[in-house]
Amino acid sequence: MGEPKEDGVIGAQFRADVDEALLHAVAAEPATANTKELYKALAYVARRRLAERWVKTQVEDRRKRARRVYYMSMEFLVGRALDNALAALGLRDRAAAAFAAVSGPSLADILECEPDAGLGNGGLGRLAACFLDSMATLELPSWGYGMRYEYGMFAQSVINGVQVEHPDSWLVDGTVWEFPRPGTVFPVRFGGTAEHHGEWAEWNAAEAVEARAYDYVIPGHGTDRVSTLRLWKADAPAQIDLNAFNSGDYARAAEFKNRFENISWVLYPNDSTPAGRELRLRQEFFFVSASLQDIIFHHLEEHSHLNNLADQIAIHLNDTHPAIAVAELMRLFCDEYGMLWAAAWNQCQRIFSYTNHTLMPEALETWPVSLIQHLLPRHMLIIYRINLEFLNEVERRFPGDMDLIRSVSLIDEGDGSEGSKRVRMAHLCIVGSHRVNGVSQLHSDLMVRTIFAGFAKLYPERFHNKTNGVTPRRWLAQANPNLAALLDRNLGKQWRLDLDRLRDLRPLAGDAGFRVDFARAKRDNKIRLADYIRRETGIALDPDSLFDVQVKRIHEYKRQLLNVLHVVTRYNAILRGQDAAAAPRCVIFAGKAASSYHMAKQIIHLINDIATIINTDPRVHDRLKVVFIPNYGVSIAELIMPAADLSEQISTAGTEASGTGNMKFALNGALTIGTEDGANIEIRDNVGPDNIFIFGNNAQQVEILRRSGYDPRAIYQNDPRLNETLNKIDGGFFSPQDRRRYHDLFNSLVNYGDHYLLLADYADYVATQNRVDALYKTPDEWQHKAIINVAGMGPFSSDRTIREYAIDTWNLGAALKKG
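Residues numbered from 1 in each chain as written. Predicted model: local features only at pLDDT ≥ 70, side-chain atom pairs only at ≥ 80, totals over all residues. Heavy atoms only, no water.

Draft legend 1. Expanded view of the packing of helix 22 (residues 560-575) against helix 23 (residues 598-615). Relative to each other, helix 22 and helix 23 sit at 20 degrees, their axes nearing to 11 Å. Here helix 22 lies roughly parallel to helix 23, going by the angle between them. Crossing of helix 22 against helix 23: the hand is left-handed. On helix 23, the residues touching Gln560, Leu561, Val564, Val567, Val568 and Tyr571 of helix 22 are Ile603, Leu606, Ile607, Ile610, Ile613 and Ile614. Classifying every residue of the contact of helix 22 with helix 23 by side-chain character gives 11 nonpolar, 1 polar and no charged. (Axes fitted to C-alpha atoms, helices over the stretch in contact; angles between N-to-C directions. Helix = DSSP H or I, 4+ residues; strand = E, 2+ residues; numbered from the N terminus. Parallel < 35°, antiparallel > 145°, perpendicular 65-115°, else oblique. Left-handed = near helix turned anticlockwise from the far one by under 90°. Contact = heavy atoms within 4.5 Å. Nonpolar A, V, L, I, M, F, W, Y, C, P; charged D, E, K, R; others polar.)

Shown next as C-alpha cells:
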C-alpha cells in the first residue's frame, strides 16, 4: 500500500513540526522536553492533520447532503490513538526516523506514554471501535455516539490474589485527542409527569441536565476521509448552589453539581443497588436523547423538514443499551415536531436497526416499569402505545395465540403485580427496527429458534446474520509489527485494506524458509510479552514453552474455570511423573470481573492461588507456569495476542454470540482450542478442521443434556482425574490459610447443577489438550497449521462486516469506497 503522501514532510522537517508543537501547544523547551511532553507534541502534530481531514470530510458530506449512518453504543474501546493516527496519516516511519536521529526517547517510548481511553470494557466496545475504523476506511459518511466517561469501568490490581478495583482516571491529565464543542449542548430531562393531548403529550419534567459534546476523530486508512465519534458529558445546569455555598453549606453546594454530573462519571456503575440501577438507566437515556437531538439538529440544517429523515439517516443500536432511543425518537417526532403517530412510527422503523449480542435470557436487558415511569414517564406511555398496537397486530395475524402474545410483548407481566412488571428492551429494539442481526451464523440461527422465535414467526425477513470482524490495521499491522513486516515482504502491503489477500499465504505454509521466519516473528513476540510479565508480576516465562492464553471478561459461561481444572489436572500429572508426553506450558489469564460478580472474583482468586502453588513448587520447574496479568485492556491485548500459541475459546456451546478475540488470536498465528460456539465454527470452516482443536458438546447436545437430567455429580464420582482435581480445590490445597475458600465454587459444579456444563466437557477438553501437546512437540507441523490459520482470516475483517451492513441494513452501498 505504501504510506500516503503527507505534505512532503520528511526527516528534520518533521522534527521541526514536533518542536514547534512543543513550544506553542505544550509550552516546553524542545532541548529539554521529557517523554510525556514529546508525546503531547507529536500527538498535536497528528491532531492538526486529522482536524484538516475532518473539516474537509464534513464540508463534503454537507455539500452532498449525504445519507449517514449513526452507530450508538455505550462502549467504544478505542485503545491508544497516536500509533493508529500516525499510521493512517502515513507518518509512522518518519516519526520513528525523526526520534531515532536524535538522542532521547524512541518513538516506542513515546507511544507508551498514552493511557488507554476508558470508554469501554469488553468485546462490545472493541467491536464498536473496529467498526468505526472500517466505516472511515470504507469512506462511509458515519458517526459514532457514546458517553464521555470521566473514569473507565475500573483499574484492576491483584493484591494477595484478590481483584481490587481502583478509579480508572484516564482523563486526569486531559487528552489531546478530543475536540470540545462548546456550542453543542442539549437539555436531557428526567422525572415529572406526562399528560396526553390527542396525538401528542406534554411532559412536565422534574429536572434537566445539559449534554455537552466532545468529538474524537477516527481516521480512515488509505483515504483522507475520517469519521466522528461524538461523546456526551453531563453538566449541571448551574455549577453549584451558590446560596448554599455562601451560607457555608459547602457539601450541599457541591451535591447539586454532583447529582447531575455523576451520569458521565463511570462506565457501568455497580447495579446491585437501586441507586446504581437508576444511574445506569439515566446514562442510557442521557446519551441517546442528546444524540437524537443532535442528529435532528444537523438534519434540519441541511433540510427544512423531518419528512425525509428516514431517507437521509440510519441509526444502528449496538445491543440494548441504546434501546430507549426508539421511544425517544417517537417523543421527539410527535411531541416536539408535531408529527402524526403513524407517520412517525413508519419513519422510526425505517431508521433503526439492532444488533443482538447474547442468547442468554438472563442477560437480556429489562427495566422495571416503575423505574421507567419514575424517570421517563412520557416514554413509558409511548412504550405502552407501541406495545398495544403491536399486540393488536399479533392478534389479527394469529388470533387467540396467547403463548405468542406473551412471548413477544414488550412488557413482561411477571407475577401480575405492578411491582413485577418489566420492559423488555430487546423486544423494543426488534419492534422498532427494520433489521435485526446476530453476530455469528450459529448465534443468528439460535436467536430465531430460541429467544426471539416468536418475532421470527412474525417477521422472518427482519432477521439476518452479520458475523463480527476485527480491523487488521490495529490487530495485526499495529499490534504485530514482526508478522506484519513478514507479510509485507511476501504479499505487499495491500492486505491492510483487503484482508482476503492473506489467502496467498497458503502456498507459503509449505515453504521451510517462510516457516522459519514465521516462527522467529512469533518467538520475538513471546519474548516481548515475557519481559512485560516479568516486570509486572515477577514471574519468569520461557519463550520456548507453549503460551496457552485465555484473556477475556471473567464470567462463568466463558469457562475460565474449565481451563483451571485442566491446569490442576496437568499439575497432578507432573507430580505423579506422568507428564512425559506434555510440552512445557505457560498458562496465561487476564480479564476483569464485574465489581458485584462474586463468583467471577472467586475464579480470579483461585487462578492466583493456583499460580502461587505451582510457580513455587520445585518439582514442577519450568514444565508448567500460571500467570494472571492484571488490568487487561486494549494495549495489553496488543502485547498478548501476537505472542499466543494457543487461543482458549471454550465457552459452553450456544452461549457466546460470536467473540472477536478468537479472530484476533488466529489472525496473529495462534491455534484455537474451542467449542462449537460463536464464530469458532466459521473459523473452523475457513482454516479447515485439521487446523483447529474443537472439543466438547455442541449446542444441540447441550440442549439434550439439559433436558435429559444432567448429573454432574456422577461425572465427578466416575472420573478419577476430575475427582482428584476438584477435591484438591475444595479441600484447600491451593488455599491453606482458608481451606473452605472454594467450597461454594466446588458445590456450584458438583452439587448445584454445573449450569455451564464444565464437567460434561472436561474429559474431552483434557484429551484435546493432549493433542495440542503432541502437535507443539513437532514445531514444523505446528508452524504450518499456524500459517494456514492466518491465511484463513480474510473473511474476519471488520471491513467485510461493515460492507455487509452498508449494503443489507443501512442502504449505504452506493457510498462505499470502490475497489
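Read on for the rest.
Draft legend 2. Structural view of the pairing of strand 11 (residues 352-355). Alternating residues of strand 11 divide into Phe352 and Tyr354 and Ser353 and Thr355, and every residue in both groups is buried. Strand direction decides the pairing type here: strand 10 (residues 313-318) and strand 11, joined by 4 bridges, are parallel. By the bridge assignment, asparagine 318 is partnered in strand 11 with threonine 355. With 3 bridges joining them, strand 11 and strand 15 (residues 435-438) adopt parallel strand pairing. From the neighbouring strand, serine 353 faces strand 15, where its bridge partner is arginine 435. (Buried < 20%, exposed > 50% of the residue type's maximum accessible area, 1.4 Å probe, protein only. Pairing = 2+ DSSP bridges.)

Draft legend 3. Layout of the sheet that holds strand 20 (residues 646-649). An order of 19-18-17-20-21-22 is seen for the 6 strands of this open sheet, with the pairing classed as parallel. Each edge of the open sheet carries a strand with a single partner, namely strand 19 (624-629) and strand 22 (693-694). Pairing between strand 17 (residues 546-551) and strand 18 (residues 585-590): 6 bridges, direction parallel. Counted as the bridge partner of valine 551 is alanine 590 from strand 18. Contacting strand 17, strand 18, strand 19 and strand 20, helix 22 runs over the sheet at an angle of about 155 degrees to strand 18. In the packing of helix 23 onto the sheet, the strands contacted are strand 18 and strand 19, and the crossing angle to strand 19 comes to about 145 degrees.

Draft legend 4. Looking closely at the packing of aromatic side chains. Counted according to the given criterion, the structure contains 22 aromatic pairs. Taking the centre distance of 6.3 Å and the plane angle of 50 degrees together, the rings of tyrosine 571 and phenylalanine 733 count as tilted. Here tyrosine 571 is found in helix 22, whereas its partner phenylalanine 733 is found in the loop between helix 29 (720-730) and helix 30 (743-750), with 162 residues between them in sequence. Note on phenylalanine 733: relative accessible area 31%, which makes it partly exposed. Here the aromatic rings of phenylalanine 695 and tyrosine 765 are separated by 4.9 Å at their centres, their planes lie at 40 degrees, and the arrangement is tilted. (Phe/Tyr/Trp six-rings, centres within 6.5 Å; stacked < 30°, edge-to-face > 60°.)

Draft legend 5. Quick peek at the side chain of threonine 355. By the secondary structure assignment, threonine 355 is in strand 11. For threonine 355, a relative accessible area of 2% corresponds to the buried category. A distance of 2.9 Å separates polar atoms of two side chains, one belonging to threonine 355 and the other to asparagine 437. (Polar contact = N/O pair within 3.5 Å; in protein donor to acceptor, adjacent residues only side chain to side chain.)

Draft legend 6. Looking closely at the side chain of histidine 357. Mapping histidine 357 onto the fold places it in the loop between strand 11 and strand 12 (366-368). Within the structure, the side chain of histidine 357 is placed 2.7 Å from the side chain of asparagine 318, a separation counted as a polar contact. When sequence neighbours within four positions are dropped, the list of residues in contact with histidine 357 reads Leu124, Leu127, Asn318, Asp319, Val439, His443 and Ala657.

Draft legend 7. Broad picture of the environment of serine 134. The residue serine 134 is located in helix 6 (residues 123-137) in this model. Serine 134 gets classed as buried once you look at its relative accessible area, which sits at 0%. Counting along the chain gives 665 residues from serine 134 to aspartate 799, while the straight-line C-alpha distance between them is 5.1 Å. Other than its neighbours up to four places away in sequence, serine 134 contacts Arg473, Ser798, Asp799 and Ile802. A polar contact is formed between the side chain of serine 134 and the side chain of aspartate 799, at a distance of 2.6 Å.

Draft legend 8. Molecular detail of the confidence of the model for the protein chain. In this model, the protein chain carries a mean pLDDT of 95, and residues with pLDDT of at least 70 account for 98%. Per-residue pLDDT stays below 50 along residues 1-9; that stretch engages in 25 contacts with residues further than four places along the chain or on separate chains. (pLDDT = per-residue confidence, 0-100.)

Draft legend 9. Region of interest: helix 33 (residues 798-808). Taken together, the buried positions of helix 33 are occupied by Ser798, Asp799, Arg800, Thr801, Ile802, Tyr805 and Ala806. Contact partners of the buried residues in helix 33: helix 6, strand 10, strand 11, strand 15 and helix 19 (472-478). Capping of helix 33 at its N-terminal end is provided by serine 797; its side-chain oxygen lies 3.0 Å from the backbone amide nitrogen of aspartate 799.

Draft legend 10. Just the pattern of salt bridges, in detail. Applying the stated criterion across every chain, the model contains 59 salt bridges. One salt bridge in this structure joins glutamate 112 and arginine 80, with 3.2 Å as the shortest N-O distance. Of this pair, glutamate 112 sits in the loop between helix 5 (107-111) and helix 6 while arginine 80 is found in the loop between strand 1 (68-72) and helix 3 (82-89), placing the two residues 32 residues apart along the sequence. Using a relative accessible area of 53% as the deciding quantity, one classes glutamate 112 as exposed. Residue aspartate 548 is joined to arginine 585 by a salt bridge in which the shortest nitrogen-to-oxygen separation is 2.8 Å. On the criterion of sequence distance, the pair formed by aspartate 548 in strand 17 and arginine 585 in strand 18 is long-range, its members being 37 residues apart. (Salt bridge = Lys/Arg side-chain N within 4 Å of Asp/Glu carboxyl O.)

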